[in-house]
Amino acid sequence: MRILSGVKATGRPHLGNYFGAIRQFLELQSQGEGFYFVADLHALDLVRDAEKMREYALGVALDYLALGLDPEHCTLFMQSQVPEVSELMWVLGSVTPMGQLQRAHGYKDAAAKGKEVDFGLFAYPVLMAADILLYRSNVVPVGKDQKQHLELTRDLAVKFNLTYCKDFDPETGEGGALALPEGHILDDVAVVPGTDGRKMSKSYDNTIQLFASDKQVKKSIMRVVTDSTPVEDAKDPENCNVYGLLKLFLADAALAEVADQYRAGGTGYGAFKTRLLDAFHTQFDAARMRRQELLENLDYVHEVLRKGAARAREVGGEVLADVQRACGLR
Ligand code: ADP
Ligand code: TRP
């Protein structure tokens with residue numbers, strides 16, 4: 001079984017990205033052959049500064065390694081270091097109906113907001129399909145927001161196979177040049193709240209970053225918005241952003257204890273924030289230290305990525321060759 005997923009290199013990772021996506025990759029990596037990449041091509045339409053692009057892209061690779069993706073057991077690479085993916089994207093693009101891309105959320109939302117949409121954003125789902133299909137990926141763990149992209153990916157694989165592969169059986173998915181992937185939609189993942197109570201997102205500037213300095217992490221946690229209930233009064237945990245975040249970290253028993261403290265009154269929000277800060281450090285300090293060590297050992301990181309790209313090109317090259325033979329480019 002091949003498991004594949006990617007993270008867009010558009011900024012620094014936060015708790016939402018970790019609990020919403022990266023943690024699931026880590027859990028799945030032991031269940032099959034993992035392919036994890038840095039989606040730098042996908043970041044181009046948002047990041048328009050070369051220095052930032054390099055920083056973010058390398059940053060995602062460091063995050064992967066620091067958080068525990070093991071290059072001895074999985075393939076870690078930069079999307080742009082596998083040119084085959086861009087070529088497959090073009091081939092897939094030739095069987096992609098415009099209408100389907102016009103219905104894609106990313107494009108539709110941007111267009112509805114009156115933004116100037118470039119081809120990169122419009123074609124984003126086709127590149128994502130190429131990412132998945134190039135390695136005959138079986139399982140693709142992603143958040144709910146990516147479901148539509150997975151459906152398009154399957155549609156394009158079926159369409160290509162039906163068009164070009166006479167042995168293809170759409171019932172079984174066998175006999176095509178492209179394998180049909182299964183989604184692995186992480187729908188049990190709750191939305192992680194940001195410091196202002198809205199969904200945690202880079203675009204809202206309400207994140208708690210995994211790898212910010214101790215000082216910055218503390219600052220972010222201390223600014224989590226709470227109401228003005230006085231210290232001595234009883235508080236409702238379910239309506240508190242701090243509790244919403246504590247839920248991610250604490251086991252059931254510890255969480256129940258905290259909930260009791262909320263309801264009993266006598267404890268201020270500051271104390272719950274300190275509890276959250278402690279929980280953050282308990283969970284992430286090992287990874288934070290590893291990332292620091294990796295930063296001082298970038299040769300190693302580049303070597304991991306070089307080997308990863310070589311492996312990805314080996315697998316992807318064969319699939320692309322099959323595709324090219326099927327459609328007469330070879
Ligand atoms: P951002 O909103 O900060 O730009 P991305 O869109 O790059 O984040 O998200 C990358 C991954 O992290 C996606 O799979 C998404 O589902 C997940 N994710 C992002 N924010 C959250 C959140 N607040 N709660 C749960 N998952 C999230
Ligand atoms: N579109 C995904 C996101 O925004 C990132 C991504 C690009 C991806 N290519 C992929 C995820 C292939 C899974 C498989 O989060």
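Residues numbered from 1 in each chain as written. Chains lettered and ligands numbered in written order. Predicted model: local features only at pLDDT ≥ 70, side-chain atom pairs only at ≥ 80, totals over all residues. Heavy atoms only, no water.

Chemist: Which parts of the structure should I look at to understand the pattern of salt bridges?
Modeler: Side chains carrying opposite charge are able to pair once their charged atoms draw close together. Counted by the stated rule, this structure contains 17 salt bridges. Between Asp63 and Arg291 there is a salt bridge, with the nearest N and O atoms lying 2.7 Å from each other. One end of the pair, Asp63, is in helix H2 (residues 50-67); the other, Arg291, is in helix H11 (residues 269-295), and 228 residues separate them in sequence. Glu238 serves as the salt-bridge partner of Lys247, at 3.0 Å between the closest nitrogen and oxygen. A relative accessible area of 47% places Glu238 in the partly exposed class. Salt bridges linked by common partners bring Arg2, Glu33, Arg311 and Glu314 together as one network. (Salt bridge = Lys/Arg side-chain N within 4 Å of Asp/Glu carboxyl O. Helix = DSSP H or I, 4+ residues; strand = E, 2+ residues; numbered from the N terminus. Buried < 20%, exposed > 50% of the residue type's maximum accessible area, 1.4 Å probe, protein only.)

Chemist: Any chance you could explain the nonpolar core here in plain terms?
Modeler: In summary, soluble globular proteins display a tendency toward joint burial of nonpolar side chains. Counting 61 residues, the largest nonpolar core has Leu15, Tyr36, Leu67 and Phe284 as the members making the most contacts within it. Considering each element in turn, this core owes the most residues, eleven residues, to H2. Residue contributions to this core reach at least three from each of two domains, namely domain 1 (2-191 + 298-327) and domain 2 (212-292). Residues in contact with Tyr36, not counting those within four places in the same chain, are Ile3, Ser5, Phe25, Leu28, Gln29, Tyr64, Leu69, Cys74, Thr75, Leu76 and Phe77. (Core = buried A, V, L, I, M, F, W, Y, C linked by side-chain atoms within 4.5 Å. Domains from an automatic or database assignment. Contact = heavy atoms within 4.5 Å.)

Chemist: Explain the site of ligand 1 to me, please; I cannot follow it from the model alone.
Modeler: Residues in contact with ligand 1 amount to 14 residues; listed here are only the nearest, His14, Val192, Met200, Ser201 and Lys202. Within the side chain of Asp145, an N or O atom sits 3.2 Å from an oxygen atom of ligand 1. One of the backbone nitrogen or oxygen atoms of Val192 is found 2.8 Å away from a nitrogen atom of ligand 1. Here ligand 1 loses 82% of its free accessible area of 540 Å² to cover by the protein chains. (Near = heavy atom within 4 Å. Polar contact = N/O pair within 3.5 Å; in protein donor to acceptor, adjacent residues only side chain to side chain. Areas by Shrake-Rupley, 256 points an atom, 1.4 Å probe, with all protein chains shown as cover.)

Chemist: What's the story with the pairing of strand S1 (residues 2-8) in this structure? I'm lost.
Modeler: Each regular strand carries side chains that alternate between the two faces of the sheet. When S1 meets strand S2 (residues 33-39), the two strands line up parallel, connected through seven bridges. Among the inter-strand pairings, Arg2 is bridged to a residue of S2, identified as Glu33. As for the winding sense of the linkage, the β-α-β connection from S1 through helix H1 (residues 15-28) to S2 is right-handed. (Pairing = 2+ DSSP bridges. Right-handed = clockwise from strand over helix to strand, strands pointing away.)

Chemist: Would you mind showing me how to read the site of ligand 2 here?
Modeler: Close to ligand 2 lie 13 residues, the nearest being His42, Tyr124, Met128, Asp131 and Gln146. Residue Tyr124 places a side-chain N or O atom 2.7 Å away from a nitrogen atom belonging to ligand 2. Between ligand 2 and Gln146, the relevant distance is 2.9 Å, taken from a nitrogen atom to a side-chain nitrogen or oxygen of the residue. Protein contacts shield 89% of the accessible area of ligand 2, which totals 370 Å² for the unbound molecule. Only S1, helix H6 (119-133) and strand S4 (139-142) provide two or more residues apiece to the shell around ligand 2. For the shell around ligand 2, the residue count by class is seven nonpolar, four polar and two charged. (Nonpolar A, V, L, I, M, F, W, Y, C, P; charged D, E, K, R; others polar.)

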